[in-house]
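Close look at the chain arrangement
Here's the letter readout for the chains.
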Amino acid sequence: MMNTQIQRNVQSDSVRQHGSQTLSLPVIGMTCASCVGRVEKALNRMEGVSEAVVNLATERADVTFTQPASREGLVQAVVDAGYAVLDRTVTLSIDGMTCASCVARVEKALLSVSGVATAAVNLATERATIVATGAVADSDLVAAVAAAGYAAQPVGGTGDEDAQADRKQAEQDALQRDLTIAATLTLPVFVLEMGSHLIPAVHDLIMSTIGMRGSWYLQCLLTTVVLFWPGLRFYWIGLPALMRAAPDMNSLVAVGTLAAWGYSVVATFAPQLLPPGTVNVYYEAAAVIVTLVMLGRTLEARAKGRTSQAIKRLVGLQPKVARVHREGGVVEVALDDIVTGDQIDVRPGERIAVDGQVVSGASFVDEAMITGEPMPVEKAAGASVVGGTVNQTGALVVRATAVGADTMLAQIIRMVEDAQGSKLPIQALVDRVTLWFVPAVLALAALTFLAWLIFGPDPSLTYALVNAVAVLIIACPCAMGLATPTSIMVGTGRGAEMGVLFRKGAALQSLMSVSAVAIDKTGTLTAGKPTLTDMIVTAGHTRADVLALVASVEAKSEHPIARAIVDAAAAEGLTLSDPSRFDSVTGHGVTAFVDGHRVEVGADRFMNSCGVEIGLFASASTQLAGAGKSPLYAAIDGKLAAIMAIADPIKPSTPAAIRALHDLGLKVVMITGDNRRTAQAIARDLGIDDVVAEVLPDGKVAAVTALQRKHGRVAFVGDGINDAPALAQADVGIAIGTGTDIAIEAADVVLMSGNLAGVPQAIALSRATIRNIRQNLFWAFAYNAALIPVAAGALYPAFGVLLSPMLAAGAMAMSSVFVLGNALRLRRFAPATVVATA
């Protein structure tokens, strides 16, 4: 259902590689056949190009080459011919980012590249998403990131994903190894220094054995190894960043630890250079800071891995191999080698490899991973199946209809990745603050040093050093950078598990603030399969004759109501005739000539426009509409012949979903083309707050606009082609995943099942995610706002309290762990209101 349009939406690049020899470029600006000729001529002149075929209708150039060609060269050829290549989206994997200021600097570097329109960097996923003109080469973007002090490489297919996963695992292993080394070497330093201060017996033991000077020498040796072996990462990154006037958190750690270590080295080997009374060592502070910061990073790396587990679980749903019918037998084939049209054996208990259609066999299939619905779905010959779902009871033979990137599971994975990589409006404040945060901290640390040096008690130099280092360490902006993206990652991943896909990350924030939900009736509130329930004919007509004439006319229409009438005629064994001079008035009715009779079928407004008097059935119409049925009239040769009632059964899940929306404090509005009496009867039964009835297909946008003026932010839920404009107009468009591709393309949120329960689930998840983000941001900002003054010594004049650099390092590490832990709580999200399943 979702295939073609969603794939276009979720692909991260507007240029597609078709095998190794063909490249497709989206060309804009062409208006006629001569334009096509010019573009083809320009491309065919390029070295290595064997053929260039340009399609004016699709505005696409398919270039085939005999040897690898430069994409940038092809783009430049199109530009030189006077046309443009559509902006493309590039995803880069970024290594070396550690905090929010890193994010801001990478974004600034990417935006400085000519041709880049937007750049969004995500600390949690360690990726950058860039929208650029076709003339921008990937190498330009990588070079810009490198100039900012970080490493980048383009993200491509599965191989790149696997390589990135391997790199992340290697990073985590290296962090764990270095943390073990740092902790092992730091422990004796801490015991030697702090033990001698706190425990008299330890002090006596040291003095009676190696002596104070010997203790200092040993501490210097161990601390130097800690700083310049496992801790070297901070200096390799932090000091060059400082030299570029673009300091990050590594710079803060580097400056703070080097200051403590350098002062201690001078005190150990050249004490005469220091003022009297200031000869002290702070080796334990430098070593413990490095160890604690590495502990925080190790915990962060583990937690980051858990934030993306939803994606990993989705990827894990794909079987590695499948049994395919080839050359008269059945052979095991790797997933990547399956092609469209292959017939695949699926045994009970196995996962279906790709999207397909059942050729033979019957079974029940668990589709919970796609729809979130727990009940297995019966499958027989002709039924569609989705790759990754679980075959339960019977054996099936499935013909592959979509493979690789075209499968629904692959598209879902891309949709979730795109949403996870996006930025919410709430992130704008963080971005503005963090760009200047680290330089401000460095300046504040310098002021702290000078203030204590000038105004502090003796030994003022010692106080100045300790407090300046504490300010540097406490102010790390890691938590700020992780606050928003980690919550988005976990929230969107949890949504995917429930069958709620956020196509756009910003919908997470928009959805939480809607005050009204407008719902299209047919196919959304109802099953979308109307049936003929009543038919009353006037004197001189028989039911069979009228139904046969009406069904003959409606057979030309694909409208659900028309299909209901045709199905009723077929069920009664009536013979239909071919109509002539068929005419349809959208949203009103149809007219045609059948067997010499002019037949008109439509709503009351259509009958009025045709001059047909319908007052005879006024009472019947009122009764039928009061029962929630849609009255429809038929006229033969200009005379009223019958009134019919069409009813579309309400989905079993709808009443509970409406109650759930009310529990969330939302107004629920039904938009329908039904007459007002019928619509109000349905609304009354369901407890819907407001009704917008008798709306023509092109009037839904106006209806949504009116609701926005009345209620503020409005979400619209629909599933049909004619719902697409309203989905786009609403503040948040929610498409039923069983609907049309066009409706899904226009939506911000897609419900994979046809169950309306997904709407309150999506809204509740949105609120929970934004609440989680606000908690994270409050912690990140409040932590810095509260503890930086303490680290600077603000409490010392009144209470004599100072913050040890070691405690500052521990608090800094824990702030990031707290933010990640809080975000991970969303993995357990479950809506408070239990909604019935369809």
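Here the residue numbers are simple positions, counted from 1 along each chain's written sequence. Only residues with pLDDT of 70 or above have their local features reported here, since the model is predicted, and side-chain atom pairs are shown and tallied only from 80 upward, although totals for entire chains, interfaces and linings are computed over all residues. Derived side-chain values reflect all non-hydrogen atoms in the structure, with water molecules and hydrogen atoms excluded from consideration.

**Side note on the overall build of the chain**
- Runs of H or I in DSSP of at least four residues are treated as helices and runs of E of at least two as strands, each being numbered from the N terminus. Secondary structure assignment for the chain yields 31 helices and 31 strands.
- Whether a residue is buried, partly exposed or exposed follows from its accessible area with a 1.4 Å probe, protein chains only, as a fraction of its type maximum: under 20%, in between, or over 50%, in that order. Every one of the 838 residues in the chain was classed for burial, and the buried ones make up 52%.
- In the chain, the share of contacts with a sequence separation of at least 24, taken over all contacts with a separation of at least 6, comes to 69%.
- Carbon together with sulfur atoms contributes 59% to the accessible area of the chain, which is approximately 34400 Å² in total. Residue contacts follow a heavy-atom distance rule, with two residues in contact if any of their heavy atoms lie within 4.5 Å. Computed with the Shrake-Rupley method and a 1.4 Å probe, the accessible areas treat only the protein chains shown as cover for residues.

**Let's talk about the pattern of salt bridges**
- The term salt bridge refers to a pairing of a side-chain nitrogen on Lys or Arg with a carboxyl oxygen on Asp or Glu at a separation within 4 Å. Under the defined criterion, the tally for this structure stands at 11 salt bridges.
- The residue glutamate 350 makes a salt bridge to arginine 323 at a minimum N-O spacing of 2.6 Å. Of the two residues, glutamate 350 is situated in the loop between β12 (343–346) and β13 (355–361) and arginine 323 in strand β10 (residues 321–326); the sequence distance between them amounts to 27 residues.
- On the accessibility criterion, arginine 323 (14% relative accessible area) is buried.
- With its nearest N and O atoms 3.9 Å apart, the salt bridge here joins arginine 713 to aspartate 731. Within this pair, whereas arginine 713 is found in the loop between α26 (700–711) and β29 (714–718), its partner aspartate 731 is found in the loop between α27 (724–729) and β30 (732–736), the two being separated by 18 residues in sequence.
- Judged by relative accessible area, arginine 713 falls into the partly exposed class, the value being 40%.
- Several salt bridges share partner residues, and in doing so they unite Arg177, Asp178 and Arg233 into one network.

**Describing the sheet that holds strand β25 (residues 630–636)**
- Read across the sheet, six strands follow the order β21-β26-β25-β24-β23-β22 without closing on themselves; strand pairing throughout is antiparallel. Single-partner strands in this sheet number two, and they are β21 (531–537) and β22 (580–585). Adjacent strand axes in the sheet meet at a mean angle of 20 degrees when their direction is disregarded.
- Should DSSP find at least two bridges between two strands, the strands are taken to pair. The pairing of strand β23 (residues 589–594) with strand β24 (residues 597–602) spans six bridges and is classified as antiparallel. When the sheet's bridge partners are listed, valine 594 is paired in β24 with histidine 597.
- Note on geometry: axes are lines fitted to C-alpha atoms, helical ones only across the stretch in contact, with angles between N-to-C directions running from 0 to 180 degrees. Packing of helix α20 (residues 543–554) onto the sheet brings it into contact with β21, β22, β23, β24, β25 and β26 (639–647), and relative to β21 it is tilted by some 130 degrees.

**Comments concerning the pairing of β29**
- Counting buried positions along β29 gives five out of five residues, so the element sits mostly inside the fold.
- Of the two faces of β29, the one carrying Val714, Phe716 and Gly718 and the one carrying Ala715 and Val717 are both buried.
- Relative to β30, β29 is paired through four bridges, and the arrangement is parallel. From the neighbouring strand, glycine 718 faces β30, where its bridge partner is alanine 735.

**Brief notes about the packing of aromatic side chains**
- Centres within 6.5 Å are what make two rings of Phe, Tyr or Trp a pair, Trp counting through its six-membered ring; a difference in plane orientation under 30 degrees is then read as stacked, over 60 as edge-to-face, and the rest as tilted. Evaluation of the coordinates by the stated rule reveals eight aromatic pairs.
- Each ring, one from tryptophan 452 and one from tyrosine 463, has its centre 5.6 Å from the other, and the planes form 20 degrees; the classification is stacked. One end of the pair, tryptophan 452, is in helix α15 (residues 427–455); the other, tyrosine 463, is in helix α16 (residues 460–474), and 11 residues separate them in sequence.
- Its relative accessible area of 9% is what places tryptophan 452 among the buried residues.
- Taking relative accessible area as the criterion, tyrosine 463 reaches 23% and is therefore assigned partly exposed.
- For the ring pair tryptophan 452 and tyrosine 796, a centre distance of 5.2 Å and an interplane angle of 70 degrees mean the geometry is edge-to-face. Placement of the pair is tryptophan 452 in helix α15 and tyrosine 796 in helix α30 (residues 796–799), with a sequence separation of 344 residues.
- Joined through ring pairs, the aromatic side chains of Phe228, Tyr235 and Trp261 make up one cluster.

**Side note on the confidence of the model for the chain**
- Along the chain, pLDDT gives the predictor's confidence residue by residue, from 0 to 100. Counting all residues, the mean pLDDT for the chain is 82, and 87% of those residues have values of 70 or more.
- Mean pLDDT across the elements of the chain bottoms out in helix α1 (residues 3–10) (34) and peaks in strand β27 (residues 667–671) (94).
- Counted against residues more than four places away or in other chains, residues 833–838, with its pLDDT under 50, gives 19 contacts.

**Looking at the packing of helix α7 (residues 200–208) against helix α8 (residues 211–228)**
- Contact geometry of α7 with α8 gives a least axis separation of 7 Å together with a crossing angle of 95 degrees. Judged by the angle between their axes, α7 and α8 are roughly perpendicular. Contact residues: α7 offers His203, Ile206 and Met207, while α8 offers Gly211, Met212 and Ser215.
- In terms of residue class, the contact of α7 with α8 is made up of three nonpolar, three polar and no charged. Any angle that falls under 35 degrees is termed roughly parallel, while one over 145 is termed roughly antiparallel, one within 65 to 115 roughly perpendicular, and all others oblique. The nonpolar class holds Ala, Val, Leu, Ile, Met, Phe, Trp, Tyr, Cys and Pro. Asp, Glu, Lys and Arg form the charged class, and all remaining residues, Gly among them, are polar.

**Overview of the sheet that holds β13**
- With antiparallel pairing, six strands are arranged side by side in an open sheet as β11-β10-β12-β18-β13-β16. Pairing within the sheet leaves two strands with one partner each, and these edge strands are β11 (329–334) and β16 (384–385).
- Judged from the two bridges that link them, β13 and β16 form a sheet pairing that is antiparallel. Bridge pairing links glutamine 357 to serine 384 in β16.

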